[in-house]
Amino acid sequence: MESDGYCKDFYKGEMAERYLLHVPAYPSAVVETIIEYLEEKMPKPHTIAVDVACGTGQGTRMLSGYFDKVLGYDISPDMITIAQRNETLQNIEYSVSAAESLPVEDGTVDVITVASALHMFEFERFCKEVDRILKPGGIFAAYAYCACTNGGRIFQSEVANDLLTEYFEGIFFKNPPPSYKDCDVFKSMVENLVMPYREVKCPDNLISEREYTISGIMDLIRSFAPTKEYLIKHPIEGPKVLQQLKEGITDALKITEADKFHVMIPIPIKMARKPIK
């Protein structure tokens, strides 16, 4: 089965718009790290990059300045519609496609990226697609926000961090939706990922630093599929749990609804190079 059904249904309408509004863009250091590794053995010019499970295009746009063409694919038609609606860059194209059957010619791609989505793929089949479309010497790069897989240590308050960890460990990881094919990959994101090639590079975690309000943090948590799954299963208890989490973090950080506070989210990245024949 391809990475379809549930993902199409989940990331549509309000949830697709929520993703656009509340899931933060990745810092430019992510793509700079990928390009630096690519150019160790593949100098310019770079022709094609493919961003798989591109969502509304946050990661796709970062690639634009380095490649002649960037292709963004997602299984959700609503995500692709939003990406197309908001795109202003001329060298980016978005299309609906499953990760395991990409409409790309063999051996034509310099870089393939996946951000926070590998747990929704049939990974062995996806790796065959990676190998099919990458040029020799090309790079497959996986990266992810790890607010939920770093013990929740993103706040400048250990009490707030402990509350977030308790939510992730006690509720979040126990309610994976049907689309999460590999829950072990989901929990570790990319850190324990077995890459399809022997040449692998794992730089130190990058860091995304942002200012949030407490409502912004809660909107981010609600944009995650496991949170929605939990709310569907527990329509009475679920909202109460989220409200308690919000109040607990607010008290721990000693903030008001309007206050902004600093958040540091780690971004592990793992890259593998297709052998040059």
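Residues numbered from 1 in each chain as written. Predicted model: local features only at pLDDT ≥ 70, side-chain atom pairs only at ≥ 80, totals over all residues. Heavy atoms only, no water.

A. Just the sheet that holds strand 3 (residues 92-96), in detail. Strand order in this open sheet of seven strands is 3-2-1-4-5-9-6, and the pairing throughout is mixed. Since the sheet does not close on itself, it has two edges, and those belong to strand 3 and strand 6 (199-201), each with one partner. Going across the sheet, the axis of each strand differs from the next one's by a mean of 20°, ignoring polarity. Note: strand 1 (residues 48-52) against strand 2 (residues 69-74), five bridges, orientation parallel. What sits directly across from V52, in strand 2, is Y73. Sheet strands in contact with helix 6 (residues 123-133) are strand 1, strand 4 (109-115) and strand 5 (134-143), and its direction is about 140° off that of strand 5. (Pairing = 2+ DSSP bridges. Helix = DSSP H or I, 4+ residues; strand = E, 2+ residues; numbered from the N terminus. Axes fitted to C-alpha atoms, helices over the stretch in contact; angles between N-to-C directions. Contact = heavy atoms within 4.5 Å.)

B. Representation of the layout of surface pockets within the structure. Put simply, the largest pocket is a space of about 160 Å³. Lining of the largest pocket is provided by L163, E166, Y167, G170, I171, V241, Q244 and L245. For the lining of the largest pocket, the secondary structure elements donating two or more residues are helix 7 (158-170) and helix 11 (237-253). Ranked by residues supplied to the lining of the largest pocket, first place goes to helix 7 with four residues. Across the lining of the largest pocket, the residue classes break down as five nonpolar, two polar and one charged. (1 Å grid on protein atoms, 1.4 Å probe; cavity = no way out; pocket = protein on both sides within 12 Å on 5 of 7 lines; lining within 4 Å. Points joined across faces, edges and corners; volume = space filled by probe spheres on them. Nonpolar A, V, L, I, M, F, W, Y, C, P; charged D, E, K, R; others polar.)

C. View of the packing of aromatic side chains. According to the stated counting rule, one finds six aromatic pairs in the structure shown. Pairing Y167 with F168 gives two aromatic rings, centres 5.7 Å apart and planes at 55°, and the pair type is tilted. Joined through ring pairs, the aromatic side chains of Y26, Y143 and Y145 make up one cluster. The lysine or arginine in question, R273, covers the ring of Y37, its NZ or CZ lying 4.5 Å from the ring centre. (Phe/Tyr/Trp six-rings, centres within 6.5 Å; stacked < 30°, edge-to-face > 60°. Lys NZ or Arg CZ within 6 Å of the ring centre and 35° of its normal.)

D. Region of interest: the packing of helix 9 (residues 214-222) against helix 11. In the contact formed by helix 9 and helix 11, the axes pass within 10 Å of each other and the chain directions differ by 145°. Crossing hand, helix 9 versus helix 11: right-handed. The segment helix 9 lies against helix 11, with I214, S215, M218, I221 and R222 engaging L242, L245, K246, I249 and T250. Residue composition of the contact of helix 9 with helix 11, by class: six nonpolar, two polar and two charged. (Left-handed = near helix turned anticlockwise from the far one by under 90°.)

E. Expanded view of the pairing of strand 2. Among the six residues in strand 2, five count as buried, and that is most of the element. Summarising the sheet, strand 2 and strand 3 pair through five bridges and their orientation is parallel. Bridge pairing links D74 to V96 in strand 3. Regarding the hand of the β-α-β motif, the stretch spanning strand 2, helix 5 (residues 77-86) and strand 3 is right-handed. (Buried < 20%, exposed > 50% of the residue type's maximum accessible area, 1.4 Å probe, protein only. Right-handed = clockwise from strand over helix to strand, strands pointing away.)

F. Here's a closer look at the environment of E40. With respect to the helices, strands and loops of the structure, E40 is situated in the loop between helix 3 (29-38) and strand 1. A residue is classified by how much of its surface remains accessible, and E40, at 45% relative accessible area, is partly exposed. Along the sequence, E40 and G137 sit 97 residues apart, while their C-alpha atoms lie 9.6 Å from each other. Beyond its immediate chain neighbours, meaning those up to four positions away, E40 contacts K201 and R273.

G. Local environment of the packing of helix 10 (residues 225-233) against helix 11. Running from N to C, helix 10 and helix 11 point in directions that differ by 130°, and their axes come no closer than 7 Å. Taken together, the axes of helix 10 and helix 11 are oblique relative to one another. Between helix 10 and helix 11, the contacting residues are T227, Y230 and L231 on the first element and E237, G238, P239, V241 and L242 on the second. Its residues placed into classes, the contact of helix 10 with helix 11 shows five nonpolar, two polar and one charged. (Parallel < 35°, antiparallel > 145°, perpendicular 65-115°, else oblique.)

That is the geometry; function is a separate question.
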